[in-house]
Amino acid sequence: MLRFGASHFVVLLVAAISVAQAVKIEVHGKDNKTCIYAVLSVNFTVLYEGNGTMENATFQLPDSLSSNGSTCGGNNSAPLLNMGFGTGHSLSLNFSHTDGKFSGDVLTFTYNTSDAKLFPGAKNKSVKHVAVNSLMEPVPLNTIYTCRSVRAIASEAVVMVFWHVGIQAFVENGTISKNESFCKADVSTTVSPVTTQTTSTVTPIPTKPPPDLPAVGNYTVKNGSDPCLLANMGLQLNITNTENQIHVININSNSTASGRCGDKHSVLLLEDTDATIQFHFFVEQSKFFLKEVQANVSLLVNGSTTTLNSSNGNLKYWQAFVGSSYICRNEQRLVVTDKLAINTFNVWLQPFEVKNGTFSRAEDCKANENYIVPITVGAALGALILVVLVIYIIGRRQNHHNGYDHF
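Just so you know, these numbers come straight off a predicted model, no measurement behind them.

Chemist: Please explain the overall build of the protein chain as it appears in this structure.
Modeler: The number of helices and strands found in the protein chain is three helices and 26 strands. In the protein chain, buried positions account for 46% of the 407 residues.

Encoded structure:
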């Protein structure tokens, strides 16, 4: 998989949990032999200005790709893989080689907000470009670079999540090599060929005993050098895969954190070895809350690596007033979809108005629970008073009726 450094981003949304299919593309030279080969899966999310609001466009790299603009390279040009799709969108990567190794130099994502299908209601209709440098570790020539792990790149208003990647440039004699060079993220895991998996429904069973409780990670997002989002929490994913098997995964407390802060929309991205999780927070009526969660997870299913995606943009967890922080020492269960739930432990977070790099006054999740007691007691007292009143009225009427019987 391509390796990325993350900066500003928006949250990635995927409509439902699925096993995404890897897309294959080849570039041919004048002799009609393959000179560049690639197979990969990519999810895109783009933040754009809509009609008075900021909107998220989310889509995948489609099966129908054009290689127009690609080149095998020559004496005066570098090899270029260009994957065009839709109305003026493309993802391109150019290559170079030295000392018997090749690498990808610049990854460029081009998108056109005039495409009403992907960017409905876009206010500024134009073509935009996002470029990122230093994406691949050097790979020996006549070797295919492979990475099944999930990796995210975040730059400006774009998030791209890659997995199931296989790339070979400078292909010799049009034959794709059987030699593989694995990315660092895959080295410690079992690696399997990128293929479409056949699944079947079975009775839900845990794939292995549940792990211990996750360690609490301390995550910070900065605006320049100033912290603008703080989050301390332990996270545990509960995932049901397409074969109805249950996976329980603890997120490493040392996961890489990045994100983006705004006045009414802040985002936290956590990148673990086998997963990326994105949380984004909104402000409504002076309160902030967690509205959207998206997770991309690599799982080992029946000896093969499978990537599952899950998201929900209609949540309302972790509410507190802006200017305060939210704290909850209890274990909580955030239900994202019917396939994904996140158990959280010792949550303390503040996604807005962080001052001096520290948490503000905390609103405890128990505060909301404390209202239950007085409401319940009040309702019980009210019912008791009503019962006593009814008994009193019946008694008065009965006494009055008995009084007439004596005359």
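That shown, we press on.
Chemist: Even after reading the chapter, I still don't get the state of the cysteines, so can you show me in this structure?
Modeler: One covalent bond between the sulfur atoms of two cysteine residues makes up a disulfide. Summed over the entire model, instances satisfying the criterion amount to four disulfides. A sulfur-sulfur distance of 1.9 Å marks the disulfide that ties Cys 35 to Cys 72. Sign of the S-S torsion, about -80° for the bond between Cys 35 and Cys 72, identifies this disulfide as left-handed. Of this pair, Cys 35 sits in strand β3 (residues 34-49) while Cys 72 sits in the loop between β4 (54-60) and β5 (80-85), placing them 37 residues apart in sequence. Linked covalently through their sulfurs, Cys 228 and Cys 261 form a disulfide whose S-S length is 2.0 Å. Taking the sign of the S-S torsion, about 80° here, the bridge from Cys 228 to Cys 261 comes out right-handed. Placement of the pair is Cys 228 in strand β15 (residues 226-240) and Cys 261 in the loop between β17 (256-260) and β18 (265-271), with a sequence separation of 33 residues. Classification of Cys 261 by relative accessible area gives partly exposed; the value is 25%. Once the disulfide-bonded cysteines of the protein chain are ranked by sequence position, their pairing pattern turns out to be 1-2, 3-4, 5-6, 7-8.

Chemist: Is there a simple way to explain the pairing of strand β24 (residues 332-335) in this structure?
Modeler: Along a regular strand, successive side chains alternate from one face of the sheet to the other. In β24, alternate side chains face the same way, and those of Gln 332 and Leu 334 are buried while those of Arg 333 and Val 335 on the opposite face are not. Taken together, the four bridges between β24 and strand β25 (residues 340-350) define a ladder with antiparallel strand orientation. Residue pairing across strands places Leu 334 opposite Ile 342, the latter belonging to β25. Hairpin geometry of β24 and β25 is characterised by an intervening segment of four residues between the two adjacent antiparallel strands.

Chemist: Can you walk me through the confidence of the model for the protein chain in this structure?
Modeler: Note: predicted coordinates in regions of low pLDDT should not be interpreted at a detailed level. When the pLDDT values of the protein chain are averaged, the result is 79; 77% of them are 70 or greater. Element-level pLDDT for the protein chain is lowest in strand β1 (residues 18-19), with a mean of 39, against a maximum mean of 95 in β5. In this model residues 1-19 is a low-confidence stretch, pLDDT under 50, and it forms 103 contacts with partners more than four residues away in sequence or in other chains. Residue range residues 368-381 is modelled with pLDDT below 50. Its contacts to residues more than four positions away, or to other chains, number one contact.

Chemist: Explain the pattern of salt bridges to me, please; I cannot follow it from the model alone.
Modeler: Two side chains that carry opposite charge are able to pair once their charged atoms sit near each other. Under the defined criterion, the tally for this structure stands at three salt bridges. Ionic pairing is found between Glu 49 and Lys 123, a salt bridge with its closest N-O pair at 3.6 Å. Within this pair, whereas Glu 49 is found in strand β3, its partner Lys 123 is found in the loop between β7 (101-112) and β8 (127-133), the two being separated by 74 residues in sequence. Exposure remark for Glu 49: the relative accessible area of 32% places this residue in the partly exposed category. On the basis of relative accessibility, which here comes to 56%, the residue Lys 123 falls in the exposed class. Between Arg 148 and Glu 180 there is a salt bridge, and its shortest N-O distance comes to 3.4 Å. One end of the pair, Arg 148, is in the loop between β10 (144-147) and β11 (151-155); the other, Glu 180, is in strand β13 (residues 180-182), with 32 residues separating them in the sequence. Look at Arg 148 and you get buried, because its relative accessible area is 4%.

Chemist: Would you mind showing me how to read the layout of surface pockets here?
Modeler: The gaps left among the atoms become clear once a water-sized probe is rolled over them. Size it by volume and the second largest pocket reaches roughly 310 Å³. For the second largest pocket, the lining is made up of 15 residues, of which Thr 53, Met 54, Glu 55, His 265 and Phe 282 are closest to its centre. At three residues, β4 tops the list of elements feeding residues into the lining of the second largest pocket.

Chemist: Got a minute to help me understand the nonpolar core in this structure?
Modeler: Where a protein is soluble and globular, its nonpolar side chains tend to be buried together. Of all hydrophobic cores here, the largest spans 41 residues; its most connected members are Phe 44, Leu 91, Phe 95, Phe 109, Met 160 and Phe 162. The leading source of residues in this core is β3, at eight residues. Within the second largest apolar cluster, 38 residues are counted, among which are Leu 237, Leu 270, Leu 334 and Cys 365.

Chemist: Looking at this structure, I do not really get the side chain of Asn 238. What am I missing?
Modeler: By the element assignment, Asn 238 lies in strand β15. Residue classification places Asn 238 among the buried residues on the basis of a relative accessible area of 14%. Only 3.5 Å separates the side chain of Asn 238 from the backbone oxygen of Gln 236, close enough to count as a polar contact. Filtering out sequence-adjacent residues up to four positions away, Asn 238 remains in contact with His 247, Val 248, Arg 333, Lys 339, Leu 340, Ala 341 and Asn 343.

Chemist: Even after reading the chapter, I still don't get the environment of Gln 168, so can you show me in this structure?
Modeler: Relative to the helices and strands, Gln 168 is located in strand β12 (residues 158-169). Along the sequence, Gln 168 and Ala 38 sit 130 residues apart, while their C-alpha atoms lie 6.5 Å from each other. With residues near it in sequence (within four places) discarded, Gln 168 still touches Cys 35, Ile 36, Tyr 37, Phe 102, Asn 142, Thr 143, Ile 144, Thr 175, Ile 176 and Ser 177. There is a polar contact of 2.9 Å between the side chain of Gln 168 and the backbone nitrogen of Ser 177.

Chemist: Quick question: what am I supposed to make of the packing of aromatic side chains here?
Modeler: Think of a pair of aromatic rings as described by two things: how far the centres are apart, and how the planes are tilted against each other in angle. The final tally for this structure, using the stated rule, is 14 aromatic pairs. Geometrically, the ring pair formed by Trp 348 and Phe 359 is stacked, given 4.1 Å between the ring centres and 15° between the ring planes. Of this pair, Trp 348 sits in strand β25 while Phe 359 sits in the loop between β25 and β26 (362-364), placing them eleven residues apart in sequence. Taken together through their ring pairs, the aromatic side chains of Phe 44, Tyr 48, Phe 59, Phe 85, Phe 109, Tyr 111 and Phe 119 make up a single cluster.

Chemist: Looking at this structure, I do not really get the side chain of Ser 255. What am I missing?
Modeler: Its location among the elements puts Ser 255 in the loop between β16 (246-250) and β17. You can call Ser 255 buried: its relative accessible area is 8%. Polar side-chain contacts of Ser 255 include one of 2.6 Å to the backbone oxygen of Asn 252. Ignoring sequence-local partners within four residues, the contact set of Ser 255 consists of Tyr 219, Glu 271 and Asp 272.

Rules and cut-offs
- Residues numbered from 1 in each chain as written.
- Predicted model: local features only at pLDDT ≥ 70, side-chain atom pairs only at ≥ 80, totals over all residues.
- Heavy atoms only, no water.
- Helix = DSSP H or I, 4+ residues; strand = E, 2+ residues; numbered from the N terminus.
- Buried < 20%, exposed > 50% of the residue type's maximum accessible area, 1.4 Å probe, protein only.
- Disulfide = S-S within 2.5 Å.
- Pairing = 2+ DSSP bridges.
- pLDDT = per-residue confidence, 0-100.
- Contact = heavy atoms within 4.5 Å.
- Salt bridge = Lys/Arg side-chain N within 4 Å of Asp/Glu carboxyl O.
- 1 Å grid on protein atoms, 1.4 Å probe; cavity = no way out; pocket = protein on both sides within 12 Å on 5 of 7 lines; lining within 4 Å.
- Points joined across faces, edges and corners; volume = space filled by probe spheres on them.
- Core = buried A, V, L, I, M, F, W, Y, C linked by side-chain atoms within 4.5 Å.
- Polar contact = N/O pair within 3.5 Å; in protein donor to acceptor, adjacent residues only side chain to side chain.
- Phe/Tyr/Trp six-rings, centres within 6.5 Å; stacked < 30°, edge-to-face > 60°.

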